[in-house]
Amino acid sequence: MNCASRTLLTGCLLLLASMPVQAADNSLLIPTEGSCMFNTTPEQLSAAISACQRIAQSGDTQAQFELAVLHYKGEQAPRDPSQALYWFEQASLKGHAQAQYYLGLMFFRGEGVPVNYVQAFIILKMAGVNGSDDAMDAADQVYMQMTQSQIEMANQVLGEIF
């Protein structure tokens, strides 16, 4: 292969690598990002949400998280804090750090649940242990809002967990 052919081939490969390929269009491809395919046309979104719900219900932690984020943010579907809470809880129970982070924020802000600083602090600390740097920062913010008795209660629970 001469230099010009090699350069042309390399250029084509780089161009192809930058083009998004959706697994939904080809059953031989595995999705590279997440378990759910919400990056779709509005007409196909309902089917994508249904498919994600089936995957999440089967126990897929990443699908549970993605479905929770969909309901939490309300960008592609109506915002539904109770559904977000449910799916964040499911993924959190399996140690998903980002799900724990969002769940902790929901308890801190009172989104879909009453404000509960102790619960928020505990969940955010668990998320931090599981790898979420944002959760550690958020836990510090919660700590600043807590009373001394709440801090003691949270530390007692954390001491039993860890």
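Keep in mind that this is a model prediction, so the values were computed, not measured.

## Looking at the state of the cysteines
By definition, a disulfide links the sulfur atoms of two cysteines through a covalent bond.
Alright, step 1. Taken as a whole and assessed by the stated rule, the structure comprises one disulfide.
Alright, step 2. Each sulfur in the disulfide pair C36 and C52 lies 1.9 Å from the other. Across the S-S bond linking C36 and C52, the dihedral sits near 60°, which makes this disulfide right-handed. Of the two residues, C36 sits in the loop between α1 (3–18) and α2 (42–57) while C52 sits in helix α2, which places them 16 residues apart along the sequence. Of the two residues, C36 and C52, neither departs from the other in class, the shared state being buried.

## With respect to the packing of helix α5 (residues 97–109) against helix α6 (residues 117–129)
Alright, step 1. It is at 8 Å that the axes of α5 and α6 come closest, and there the two elements cross at 165°. For the element pair α5 / α6, the angle class is roughly antiparallel. For the pair α5 and α6, the crossing hand works out as left-handed. The segment α5 lies against α6, with A97, Q100, Y101, L103, G104, L105, F107 and F108 engaging Y117, Q119, A120, I123, L124, M126 and A127.
Alright, step 2. Tallied by class, the residues present in the contact of α5 with α6 amount to 12 nonpolar, three polar and no charged.

## Some details on the confidence of the model for the protein
Alright, step 1. Within the protein, residue pLDDT values average 84, and 80% of them lie at 70 or more.
Alright, step 2. Between residues 1–32, whose pLDDT stays under 50, and residues either more than four places distant or in other chains, the model counts 11 contacts.

## A few points about the side chain of H71
Alright, step 1. Here H71 lies in helix α3 (residues 61–73).
Alright, step 2. Excluding residues within four positions of it along the chain, H71 makes contact with P78, R79, D80, Q83, A84 and W87.

## A few points about a nonpolar patch on the surface
Alright, step 1. A cluster of nonpolar residues, V129, I161 and F162, forms a patch on the protein surface that exposes about 310 Å² of accessible area.
Alright, step 2. Positionally, F162 belongs in the segment after α8 (148–161).

## Details of the packing of aromatic side chains
Alright, step 1. All chains considered together, the criterion is met by nine aromatic pairs.
Alright, step 2. An angle of 40° between the planes, with centres 6.0 Å apart, marks the rings of F121 and Y143 as tilted. On the criterion of sequence distance, the pair formed by F121 in helix α6 and Y143 in helix α7 (residues 133–145) is long-range, its members being 22 residues apart.
Alright, step 3. Accessibility expressed as a relative area gives 5% for F121, which makes it buried.
Alright, step 4. The exposure class of Y143 is partly exposed, given its relative accessible area of 39%.
Alright, step 5. Grouping aromatic residues by their ring pairs yields a cluster made of F65, Y72, F88, Y101 and Y102.
Alright, step 6. Here the basic side chain of R79 rests over the ring of Y72, its NZ or CZ set 5.1 Å away from the ring centre.

## As for the nonpolar core
Alright, step 1. If you look at the biggest cluster of nonpolar residues, it comprises 44 residues, and the most contacted ones within it are F38, L67, F88 and Y101.
Alright, step 2. The set of elements that each furnish at least two residues to this core consists of α2, α3, α4 (81–92), α5, α6, α7 and α8.
Alright, step 3. The leading source of residues in this core is α5, at eight residues.
Alright, step 4. In this structure, F88 is in contact with F65, A68, V69, Y72, A99, Y102, L103 and M106, ignoring residues within four places of it in sequence.

Rules of the game
- Residues numbered from 1 in each chain as written.
- Predicted model: local features only at pLDDT ≥ 70, side-chain atom pairs only at ≥ 80, totals over all residues.
- Heavy atoms only, no water.
- Disulfide = S-S within 2.5 Å.
- Helix = DSSP H or I, 4+ residues; strand = E, 2+ residues; numbered from the N terminus.
- Buried < 20%, exposed > 50% of the residue type's maximum accessible area, 1.4 Å probe, protein only.
- Axes fitted to C-alpha atoms, helices over the stretch in contact; angles between N-to-C directions.
- Parallel < 35°, antiparallel > 145°, perpendicular 65-115°, else oblique.
- Left-handed = near helix turned anticlockwise from the far one by under 90°.
- Contact = heavy atoms within 4.5 Å.
- Nonpolar A, V, L, I, M, F, W, Y, C, P; charged D, E, K, R; others polar.
- pLDDT = per-residue confidence, 0-100.
- Patch = residues over 30% accessible without salt bridge, like charges linked within 9 Å, V, L, I, M, F, W, Y side chains within 5 Å.
- Areas by Shrake-Rupley, 256 points an atom, 1.4 Å probe, with all protein chains shown as cover.
- Salt bridge = Lys/Arg side-chain N within 4 Å of Asp/Glu carboxyl O.
- Phe/Tyr/Trp six-rings, centres within 6.5 Å; stacked < 30°, edge-to-face > 60°.
- Lys NZ or Arg CZ within 6 Å of the ring centre and 35° of its normal.
- Core = buried A, V, L, I, M, F, W, Y, C linked by side-chain atoms within 4.5 Å.

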